[in-house]
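Below are the chains, spelled out letter by letter.
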Amino acid sequence: MYTSELIKGTLKTIILNLLKNRDKMYGYEITQTVKEMTNGKIKITEGALYPTLHSLEKKGDIGFEKEYIGKRVRKYYSLTEQGQNTAQEKVNEFADFIETMKYLLDIDIKPSNA
């Protein structure tokens, strides 16, 4: 599992990219999808997820719709048109950051089996 310090800097990028590749997702679904995709290496806590979702919503990158399931309300988040662009910008920025870090640290990163 990676440190919260590393995850914190990439959380918006992770969320935006997930939503870019899916129509809509609710909070718990986001956390579980990331956990499954990374074989548990990245675990997003509610304490990190919801402030990030609210921040992205406030910036206009995501919106939500409520769905009633019995007596419960579930918020489904999706990208706005602006969010589509932001998602791609964030992914490009992160890819460039990885290349810079590889050079800076003089390492050849080979992907592990996530």
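In short, a report on the structure. (Residues numbered from 1 in each chain as written. Predicted model: local features only at pLDDT ≥ 70, side-chain atom pairs only at ≥ 80, totals over all residues. Heavy atoms only, no water.)

## Topic: the overall build of the protein chain
1) Next: From N to C terminus, the protein chain includes 5 helices and 3 strands.
2) Next: The N-to-C order of helical and strand elements in the protein chain reads α-α-β-α-α-β-β-α.
3) Next: In terms of overall dimensions, the protein chain has C-alpha extents of about 55 × 30 × 20 Å along its principal axes.
4) Next: Counting every position in the protein chain, which comprises 114 residues, the buried fraction comes to 28%.
5) Next: Summarising the internal contacts of the protein chain: among those between residues at least 6 apart in sequence, 54% fall at separations of at least 24.
6) Next: In the structure as shown, the protein chain presents an accessible area of about 8000 Å², 52% of it carried by carbon and sulfur atoms. (Helix = DSSP H or I, 4+ residues; strand = E, 2+ residues; numbered from the N terminus. Buried < 20%, exposed > 50% of the residue type's maximum accessible area, 1.4 Å probe, protein only. Contact = heavy atoms within 4.5 Å. Areas by Shrake-Rupley, 256 points an atom, 1.4 Å probe, with all protein chains shown as cover.)

## A word on the environment of M37
1) Next: Residue placement: M37 occurs in helix 3 (residues 27-37).
2) Next: Sequence separation between M37 and L49 is 12 residues, and the spatial gap between their C-alpha atoms is 17 Å.

## A few points about the packing of helix 3 against helix 4 (residues 46-59)
1) Next: One can describe the packing of helix 3 onto helix 4 by two numbers: an axis separation of 10 Å at closest approach and a directional angle of 120°. It follows that helix 3 is oblique to helix 4 by the angle criterion. In this structure, the crossing between helix 3 and helix 4 has a hand that is right-handed. Side by side, helix 3 and helix 4 meet where G27, Y28, I30 and T31 of the first sit next to L49, Y50 and L53 of the second.
2) Next: Class assignment for the residues of the contact of helix 3 with helix 4 results in 5 nonpolar, 2 polar and no charged. (Axes fitted to C-alpha atoms, helices over the stretch in contact; angles between N-to-C directions. Parallel < 35°, antiparallel > 145°, perpendicular 65-115°, else oblique. Left-handed = near helix turned anticlockwise from the far one by under 90°. Nonpolar A, V, L, I, M, F, W, Y, C, P; charged D, E, K, R; others polar.)

## Details of the packing of helix 2 (residues 11-21) against helix 4
1) Next: Viewed as axis vectors pointing N to C, helix 2 and helix 4 meet at an angle of 70°, and their least axial separation amounts to 10 Å. The pairing of helix 2 with helix 4 is recorded here as roughly perpendicular in orientation. Of the residues in helix 4, those in contact with L11, K12, I15 and L16 of helix 2 are A48, L49, T52, L53, S55 and L56.
2) Next: For the contact of helix 2 with helix 4, the residue count by class is 7 nonpolar, 2 polar and 1 charged.

## Points about the sheet that holds strand 3 (residues 72-79)
Across a sheet, strands are paired by hydrogen bonds formed along the backbone, either parallel or antiparallel in direction.
1) Next: Strand order across the open sheet formed by 3 strands is 1-3-2, with antiparallel pairing between neighbours. Of all the strands in the sheet, the pair left with one neighbour each is strand 1 (25-26) and strand 2 (62-69).
2) Next: With 8 bridges joining them, strand 2 and strand 3 adopt antiparallel strand pairing. Looking at strand 3, one finds that E65 is bridged to Y76.
3) Next: Packing against the sheet, helix 4 makes contact with strand 2 and strand 3, and its axis sits at approximately 120° to strand 2. (Pairing = 2+ DSSP bridges.)

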